[in-house]
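# Results of the structural survey
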Amino acid sequence: MQSSIPVSTSSQPARLSLFSDGKVFLLCEGEFARYRGSAQPQHLQAWLDDAFKRAQESGVEAPLVMGCLPFRHTDKASLHIPLKVRRFSKSQLVQLLKSDLVKPVEATQALAWQEVPTKQHFEQAVSNAVYQLQHTALDKVVLSRTLQAALDVPLCAWSMLLQLIEQNPHAYHFVMQDDLNTHWVGASPELLLEKRGAQVCSNPLAGTAKRVLEPQHDQAIAAQLLNSLKDNHEHAIVIEQVKAALGPYCCALEVPAAPSLISTPQLWHLSSRIAGQLESEQIRLPEVLARLHPTPAVCGTPTNLARTTIEQLEPFEREHFTGTVGWMDSQGNGQWAVTIRCAKVEADKVTLFAGAGVVAQSDPSAEYLETQAKLGTMLRVLEGAR
Ligand SMILES: C=C(O[C@@H]1C=C(C(=O)O)C=C[C@H]1O)C(=O)O
């Protein structure tokens, strides 16, 4: 069976990737094995079992798998087992980035952003979705858009990471190298799944409002979000599905009765931290991830109808955007964040992504503004990263 597993074994010390939960920063160097195969859990698990065994036999110390699982189960996963994993605190990593990893680029370039789809097409897509939400079984769908810019001078993903850490200290930061010239960089506020022994945790976010500088007005916006029927409806749909996905694996599951508020520098979100105790520690993380992903925070409900609607209405490929990014050890413990507030950085192009949950009461121009506010996380970074 070995030949059907897409394995590559190489040692390219230049390969670097990073994942953090805002406290511990895992810097991964080199590559013992790479997986560019199906994201289906049975394929993934077969590769993981084999690759971890070979890594241990070859003397890789405490091997981890790192990488991204795409939005669509039918797209390819991008995972690797690094040769070496180093753990840093935030201040240690920032120091390392400044002294070693960040290459200042002399020429600055003003990025000429192109909206894909255009504002008009995005708002039209939201209107079409609202019609379907009012007339079909569709309950919620998340529609997204991109900003794309050509690059005269390559962007340094590590320099972007440094800005992200400084501007968004409380986030899941990541830099993942997809191929030699492609990095995914971001600071996600959303935990899809964490597993430590038999303890699992998920912290879905859904329901968003843009923050303002004036503190009293900002608090009023937060209070309005907490009381908004539309946003609570969007949120409840996600919580129901996360509960249904985790429930069968757990002997105990704690779900807050109502959402609370969390903030990023730009946004308020409705948040629910769901904690569970697995019936058995042997339950495999990839299987639970596959059951959970995609939640209606990034896809919609019913899931298949939402997926079809997204394929009909979004004129670009999401690839890793709204997938999941993270790490797992050979015991199946790990952390996986939702791949949002991110950029795909290629040699000659950068793409930013953002989406918004659409329900029957949605207003197209408000959803456009919500995506614009979400794009602000990466736009702010690009102002200082070159
Ligand atoms: C899809 C994104 O965000 C998701 C959608 C949210 C919403 O609709 O309110 C909130 C957080 C995320 O789950 C994004 O940031 O691009």
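About the thresholds
Residues numbered from 1 in each chain as written. Predicted model: local features only at pLDDT ≥ 70, side-chain atom pairs only at ≥ 80, totals over all residues. Heavy atoms only, no water. UniProt positions renumbered as here; feature names shortened; annotations may be inferred. Near = heavy atom within 4 Å. Polar contact = N/O pair within 3.5 Å; in protein donor to acceptor, adjacent residues only side chain to side chain. Areas by Shrake-Rupley, 256 points an atom, 1.4 Å probe, with all protein chains shown as cover. Helix = DSSP H or I, 4+ residues; strand = E, 2+ residues; numbered from the N terminus. Nonpolar A, V, L, I, M, F, W, Y, C, P; charged D, E, K, R; others polar. Core = buried A, V, L, I, M, F, W, Y, C linked by side-chain atoms within 4.5 Å. Buried < 20%, exposed > 50% of the residue type's maximum accessible area, 1.4 Å probe, protein only. Phe/Tyr/Trp six-rings, centres within 6.5 Å; stacked < 30°, edge-to-face > 60°.

An unreviewed UniProt entry lists the chain under the name isochorismate synthase, with Pseudoalteromonas fenneropenaei given as the organism. Annotation of the chain in UniProt includes, under Catalytic activity (unreviewed entry), the sentence "chorismate = isochorismate".

## Describing the site of the ligand
Glu190, Gly207, Thr208, Arg341 and Gly355 are the nearest of the 17 residues found near the ligand. The side chain of Glu190 places a nitrogen or oxygen atom 2.5 Å from an oxygen atom of the ligand. Leu205 places a polar main-chain atom, nitrogen or oxygen, 2.9 Å from an oxygen atom of the ligand. The fraction of the free accessible surface of the ligand (390 Å²) that becomes covered by protein chains is 100%. Only β14 (205-210), β23 (349-358) and α9 (364-384) provide two or more residues apiece to the shell around the ligand. Residues that form the shell around the ligand fall into these classes: 7 nonpolar, 5 polar and 5 charged.

## Side note on the nonpolar core
Where a protein is soluble and globular, its nonpolar side chains tend to be buried together. Of all hydrophobic cores here, the largest spans 60 residues; its most connected members are Phe19, Trp47, Val65, Leu79, Ile81, Leu193 and Leu246. The biggest single contributor to this core is helix α1 (residues 41-57), with 6 residues. By size, the runner-up hydrophobic cluster in this structure holds 38 residues, among which are Leu16, Phe25, Leu155 and Ala157.

## A word on the packing of aromatic side chains
If you walk through the whole model with that rule in mind, you get 6 aromatic pairs. Geometrically, the ring pair formed by Phe321 and Phe353 is stacked, given 5.0 Å between the ring centres and 15° between the ring planes. Taken together, the positions of Phe321 in the loop between α8 (303-313) and β20 (324-329) and Phe353 in strand β23 put the pair 32 residues apart, joining distant regions of the chain. Across this residue pair, the class does not change: Phe321 and Phe353 are buried. By the ring-pair criterion, three or more aromatic residues cluster together here, those being Trp184, Phe316, Phe321 and Phe353.

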